[in-house]
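Notes for the structure review
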Amino acid sequence: MTSQIFTVSPQFPEKLKSETVVVGSGPGGALTAYYLAESGRDVLLIEEGSLQPLESTKSFSIEEMVEKYRNGGITPMFGSPKIVYVEGRVVGGGSEVNSGLYHRTPDYILEKWKKNFDVDALSYKDMLPHFEACEQALSVSTLPHEPSKPSLKLKQGADKMGWEAVEVPRWFTYSQQQDRYGRFLSHKQSMSKTFIPKAIEHGCKLLPDTWIKSIKQNGAKWVLIGKHQSQREIVIETEHLFICCGAVQTAALLRRSGIKQNIGNTLQVHPTLKVIAQFDEIINDLDLGVPVFQVKNFAPRLSFGCSISSPPYLATGMIDHPDFLNKVVENWETMAVYYAMITGHGRGTVRTIPGFRDPVVRYHLTEEDLRDLSDGLYKLSCLLFEAGASVIYPSISGMNRFSNRLHLKDIPEVLPTSKTNLMTIHLFSSCPMGEKKEICATDSFGKVHGFSNLYISDASLLCTAPGVNPQGSIMAISRRNVLKFLGKL
């Protein structure tokens, strides 16, 4: 198997050739490479990041952010307010660093995409076999033990508000061994643990540490120009090319290559506002992981959940309340990070600048978005007070902490653009699929309009924000599209 993983050396050929090339090894690229290789295709999978064992760093640690994220996990979008976003940059992509939460695309979202973008074969019935196949391959399941205390706090507050908190399945397997808190030890099923090794077993070759600068069509072939981390230039020729670099990097690569029709003009995200809630009891521990409950009563407009709550993440979340940073040091075991996420009406763009490797990403929130975020902050804070929170710290510069529900009257109807700090881990829709060529970058199955043998297979294709964690959507659509390419659909 190791012979299928390329190491760039002085003996490395000046030009590589492969029948099929997949650029990007996240969920979209990994599934695409696996099904192509399983069908006997000659496949080369290229990844800008390095090949790192999933266990090489502790999940959600500073070391993981440095080794496996782009720009250390903090990249800003230009706009008002600014939004910080994160991208994985490692073999396996975002699946190596995210929480593994899994949603099927809601049926009403699929119907919206079918209608508004004229996407073929996208009904819930069409997609069900692909959801089920991905869930089986990744062991998607609910917890075999009691949820963590921050999750239970979210559920407790939701129950008192008359809302429903639902457990989100994850792609984890569980052993019979338990930790000191009675939780069964879990093992994440990322792409580097599942589809990528399976693809390599079927003959797929992997080229890590290689950034593709541009692509160009040469007759019936595609030529990729890239650079290895050793600074050596890499040239690759292929018959069929799949771009799977994620919503930002896919759009950037295509635009650098002069392919711009409906590319990088319609980026969407899930803008997310976080708060830190402090309770009068211990709810946190160093092995907590990601809480799994979410409140979807107001979806797709609003969703609530709990996030990583390790001391470093708590300290980062307290940046808007520097006078209380010592509270994290003294009381982190009584604190947890919660969030309000909106689907949003804003739009963003991805643009490239000659001579610069990283693209420029802009995103504009509408006034309606800022109203929704304000409503989300209010509702989430009400829920947390019902769950027993004693203090809530919102991620808004200059806003006082909330010590009781009476303080929530200080939340403005429209959040201030200059003081609100937002983040997102969900990016999509920069190259939407569909048959409406005036608004879509690709056809219904990811083939770029106006080009032969050029495909996209990642979050870029999602026509709009799905309102849920997008991993399930990306994988199911990627599976559907590659089977269509292979004539198996």
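Scope of this entry: the structure provided in the associated data block. (Residues numbered from 1 in each chain as written. Predicted model: local features only at pLDDT ≥ 70, side-chain atom pairs only at ≥ 80, totals over all residues. Heavy atoms only, no water.)

In terms of regular secondary structure, the protein is built from 11 helices and 23 strands. Taken over C-alpha atoms, the radius of gyration comes to 22 Å for the protein, in line with the 23 Å a tight globule of 489 residues would show. Along the longest, intermediate and shortest principal axes, the C-alpha atoms of the protein span 70 × 50 × 45 Å. Evaluated residue by residue, the protein yields a buried proportion of 58% over its 489 residues. A separation threshold of at least 6 residues defines the contact pool for the protein, and within that pool the share at least 24 residues apart is 72%. When the accessible surface of the protein is summed, it comes to about 19600 Å², and 51% of that surface belongs to carbon and sulfur atoms. Computed over 53 positive and 50 negative side-chain charges, the separation of the two mean positions in the protein equals 4 Å. (Helix = DSSP H or I, 4+ residues; strand = E, 2+ residues; numbered from the N terminus. Rg over C-alpha atoms; globule rule 2.2 N^0.38 Å. Buried < 20%, exposed > 50% of the residue type's maximum accessible area, 1.4 Å probe, protein only. Contact = heavy atoms within 4.5 Å. Areas by Shrake-Rupley, 256 points an atom, 1.4 Å probe, with all protein chains shown as cover. Lys, Arg positive; Asp, Glu negative; His and termini not counted. Charge placed at Lys NZ, Arg CZ, Asp CG, Glu CD.)

Read across the open sheet, the 3 strands follow the order β5-β7-β8; overall the sheet is antiparallel. The open sheet has two edge strands, β5 (140-141) and β8 (184-188), and neither has a second partner. As judged from the 4 bridges shared by strand β7 (residues 170-178) and β8, these two strands associate in the antiparallel manner. Looking at β8, one finds that Gln178 is bridged to Phe184. (Pairing = 2+ DSSP bridges.)

This paragraph deals with the packing of aromatic side chains. With the rule as written, the count across this model stands at 12 aromatic pairs. Ring geometry for Tyr124 against Phe131: centres 6.0 Å apart, planes inclined by 40°, an arrangement best described as tilted. In textbook terms, an aromatic cluster arises when at least three aromatic residues are bridged by ring pairs, as seen for Tyr34, Tyr35 and Phe195. Seen from the ring of Phe172, Arg170 lies directly overhead, with NZ or CZ sitting 3.8 Å from the centre. (Phe/Tyr/Trp six-rings, centres within 6.5 Å; stacked < 30°, edge-to-face > 60°. Lys NZ or Arg CZ within 6 Å of the ring centre and 35° of its normal.)

Glancing now at helix α11 (residues 471-485). Spacing of three or four residues puts side chains on the same side of an α-helix, whose turn is 3.6 residues. Between its first and last C-alpha atoms α11 spans 21 Å; for 15 residues at 1.5 Å apiece the expected length is 21 Å, and the two agree. Looking one or two places after α11, you find Gly487, whose phi comes out positive at around 75°. (Expected span 1.5 Å × (residues − 1).)

With that settled, the discussion passes to the pattern of salt bridges. Here the structure, examined in full by the defined rule, presents 22 salt bridges. Residues Asp42 and Lys205 are paired through a salt bridge, measuring 2.6 Å at the closest nitrogen-oxygen approach. Linking Asp42 in the loop between α1 (27-38) and β2 (43-46) with Lys205 in strand β9 (residues 205-207), this pair joins segments that are 163 residues apart in sequence. Residue classification places Asp42 among the partly exposed positions, given a relative accessible area of 29%. Classification of Lys205 by relative accessible area gives buried; the value is 17%. Here the salt bridges share partners, and the residues they tie into one network are Glu48, Arg70, Glu87, Arg89 and Arg357. (Salt bridge = Lys/Arg side-chain N within 4 Å of Asp/Glu carboxyl O.)

Attention shifts here to unusual backbone geometry. Of note, the amide linkage connecting Ser80 to Pro81 takes the cis form, showing an omega dihedral of 0°. Residue Pro300 is reached from Ala299 by a cis peptide bond, and omega for that bond is 5°. Structurally, Pro300 is set in the loop between β15 (293-295) and β16 (302-306). A positive phi is found at Phe60, a non-glycine position, where the angle reads about 65°. In this fold, Phe60 is placed in the loop between β2 and α2 (62-68). Judged by its relative accessible area of 17%, Phe60 falls in the buried class. Of note, Asn71 is a non-glycine position whose phi angle comes to about 55°, a positive value. Inspection of the secondary structure puts Asn71 in the loop between α2 and β3 (75-77).

This part covers the packing of helix α4 (residues 124-137) against α11. At a closest axis distance of 9 Å, the pairing of α4 and α11 adopts a crossing angle of 115°. Considering their axes alone, α4 and α11 lie roughly perpendicular with respect to each other. In the packing of α4 onto α11, the handedness of the crossing is right-handed. Residues Met127, Pro129, His130, Phe131, Ala133 and Cys134 of α4 form the contact with α11, whose own contacting residues are Gly472, Met475, Ala476, Ile477, Arg479, Arg480 and Leu483. Tallied by class, the residues present in the contact of α4 with α11 amount to 9 nonpolar, 2 polar and 2 charged. (Axes fitted to C-alpha atoms, helices over the stretch in contact; angles between N-to-C directions. Parallel < 35°, antiparallel > 145°, perpendicular 65-115°, else oblique. Left-handed = near helix turned anticlockwise from the far one by under 90°. Nonpolar A, V, L, I, M, F, W, Y, C, P; charged D, E, K, R; others polar.)

Bridge count for β5 against β7 is 2 bridges, and the pairing is antiparallel. Of the residues in β7, the one forming a bridge with Val140 is Trp171. Here β7 folds back onto β8 in antiparallel fashion, the turn holding 5 residues, of which Gly182 has a positive phi close to 85°.

Let us now look at helix α10 (residues 367-386). Between its first and last C-alpha atoms α10 spans 29 Å; for 20 residues at 1.5 Å apiece the expected length is 28 Å, and the two agree. Most of α10 sits out of view: 15 of its 20 residues are buried. Where α10 ends, the next residue or the one after it, Gly388, has phi of about 105°, a positive value.

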